[in-house]
Amino acid sequence: MTAVSHPLIEVENLSKSFGPVHALRQMQLRGFAGKVHALMGENGAGKSTLMKLLSGVYRPDTGSIRLNGAAVAFGHPRDAQKAGISTIFQEFSLLPNLSVAENLFLGRERENGRKLGSTEIHRRAAAALASLDLPIDPRRRVGALSVGHQQMVEIAKGVLADASVFIFDEPTAALATHEVDTLFKLIWRLTAAGKVVFYISHRLSEIFALCDDITIMKDGRFVRCVATGETTVDDVIQGMVGRPIEELFEPRAETLGASLLKAEGLAGDGLPSPLFLDIREGEIVGIAGLEGQGQQELMRLVAGFDRAQRGSLTLGGKNIEGHSARRRMATGLGFVPESRKDDGLFLSLDIGANMATADIARRRLFSWLPDFGARVGEVMRQLAVKAPDAKTPVVDLSGGNQQKVVLGRWLLAGARVLLCEEPTRGVDVGAKREIYRQLRQFAGEGRAILVTSRELPELIGLCDRLLVIRDGRIVAEMQARGASEDALLRAALPAMEEDEA
């Protein structure tokens, strides 16, 4: 849909302070009908504050918001919703014990002075879901839905309320690949109907695949707005952090030490093809491939969560195959899972307790942890964890700082090899640079890392050597220096191999 010449929503000189902290300063933003507009910036750049001003959670100190050319002011989120602004936050506002239809009409049970009956509510809910091509039963309890379907219900609420502006805050953080595809189709359906979509994500691949325009923010200020087709990933990152993408990564290792982690013919139920690996001291090795080609199975087989059927695995020359995951940790094998919140962190505990878990796991029950507080404090300083102290609940941290806590756990435990899945998933560019620096420093101390990532530029910039996995088999190997996304994709795609045959 061709955008009209005037913005549907416009922000001018919007500012917001919290005490002495200036969260937003004279911010500018324009959203046009039929466009997906990305908001990009590091954590702390002011994106969330801006979205909460637009959705009525906060009131601005100065500046204006104009909707369809008219100035608007929101004293409550309900005011923004009535004006036509729908916000889908990472934490949904659904009531899990109610049905889909009841959630869609919550607070809207009366119309023109009469109460809507349950039959009419379910009929209208079914029609709204059908209009979005969503195969969701309106009578089903929301708590029984997948995260992706819950998100679709949130979007349907906005459609039912006839919203003209939709705000998505990290919408794919907890979605499976097929759910991401469904979300993108739904967003395109919204823009085709003349809606404005503001999209916040740290995933640059999503931004460039989905969005028409990008507004870049830094330190609470507007940097610039560019058409996605007229910019590059490097330009966007430089606008956010003030440095080109190449400078996000540390220099690669010049020399490598002896073999540290070695797998010979290792195979299991989830990875039946024999695996051969030889990772040396000081080396970072990346596993590249299309989604679901065996990356996760490989990492869990090496970590000891899945049992091997045959083959051998040695760490520092000592056989660890047959050892439990806990015994492998005690030997020096660390594991950073893809999902921090589900598998990597104890969200009810503080930073110190989370960091201590691996060190405790390799010791005898009730054994004493020498200088524990000082050691945790040192690791926090080393990783630049942004928190007052080790007693800070880990649930209160940003995604980047939570990831640093998981890394800190293995520094504290003295791991020699780190198995790292998606090391920067859901973290901003500034935190990515800090994590890259720490991973390179870890390897530079004579240790080694095996890493998976969906982001090919990340693997190329971070690693020394790259392995390509396809159908559970390592099908290609190349040095990261000089590697290209094209070369990795050619190795990862079966069609390429068949064409060349």
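Reading guide: rules and limits
- Residues numbered from 1 in each chain as written.
- Predicted model: local features only at pLDDT ≥ 70, side-chain atom pairs only at ≥ 80, totals over all residues.
- Heavy atoms only, no water.
- Salt bridge = Lys/Arg side-chain N within 4 Å of Asp/Glu carboxyl O.
- Helix = DSSP H or I, 4+ residues; strand = E, 2+ residues; numbered from the N terminus.
- Buried < 20%, exposed > 50% of the residue type's maximum accessible area, 1.4 Å probe, protein only.
- Pairing = 2+ DSSP bridges.
- Axes fitted to C-alpha atoms, helices over the stretch in contact; angles between N-to-C directions.
- Contact = heavy atoms within 4.5 Å.
- Phe/Tyr/Trp six-rings, centres within 6.5 Å; stacked < 30°, edge-to-face > 60°.

Any chance you could break down the pattern of salt bridges for me, citing the residues and the numbers?
Scanning all chains against the criterion turns up 18 salt bridges. A salt bridge links Glu421 to Arg300; the shortest N-O distance between them is 2.5 Å. You can see Glu421 sitting in strand E19 (residues 417-421) and its partner Arg300 sitting in helix H9 (residues 295-303), a full 121 residues away along the chain. Each member of the pair Glu421 and Arg300 is classed as buried. Three or more residues joined by partner-sharing salt bridges are found here, namely Glu120, Arg123 and Arg124.

Which residues make up the sheet that holds strand E15 (residues 284-288), and what values go with them?
Read from one edge of the open sheet, six strands run E18-E19-E20-E15-E21-E22, paired in mixed fashion. If you trace the sheet from one side to the other, it starts and ends with strand E18 (333-336) and strand E22 (473-479), each paired once. The mean angle between the axes of side-by-side strands here comes to 20°, regardless of whether they run parallel or antiparallel. Strand direction decides the pairing type here: E15 and strand E21 (residues 465-470), joined by four bridges, are parallel. When the bridges of E21 are listed, Gly286 appears paired with Leu466. Running over the sheet, H9 touches E15, E18, E19, strand E20 (448-452), E21 and E22 and is turned about 150° from E19. Most of the contacts of helix H14 (residues 399-413) go to E18, to which it runs at about 170°, and overall it touches E18 and E19.

I'd like a description of the pairing of strand E16 (residues 308-315), backed by residues and values.
For strand E13 (residues 259-268) and E16, the ladder comprises six bridges, and the chain directions are antiparallel. In the strand pairing of E16, Lys262 is matched with Thr314. Bridge count between E16 and strand E17 (residues 318-319): two bridges; the pairing is antiparallel. Counted as the bridge partner of Leu315 is Lys318 from E17. The turn joining E16 and E17, which pair antiparallel and follow one another in sequence, is formed by two residues; a positive phi near 60° is taken by Gly316.

Please provide a residue-by-residue account of the packing of aromatic side chains, values included.
Following the criterion strictly, the structure yields four aromatic pairs and no others. Centroid distance Phe18 to Tyr58: 5.1 Å. Interplanar angle 65°. Geometry classified as edge-to-face. In this pair, Phe18 is assigned in strand E1 (residues 9-18) and Tyr58 in the loop between helix H1 (47-54) and strand E4 (62-67), connecting sequence segments 40 residues apart. For Phe18, a relative accessible area of 35% gives the class partly exposed. The class for Tyr58 is partly exposed, based on a relative accessible area of 24%. Where Phe249 meets Tyr436, the ring centres are 4.6 Å apart and the plane angle is 25°; that geometry is what we call stacked. Here Tyr436 lies in helix H15 (residues 429-444) and Phe249 lies in the loop between helix H8 (233-241) and E13, a separation of 187 residues in the sequence. The two residues Phe249 and Tyr436 agree in class, both being buried.

That is the geometry; function is a separate question.
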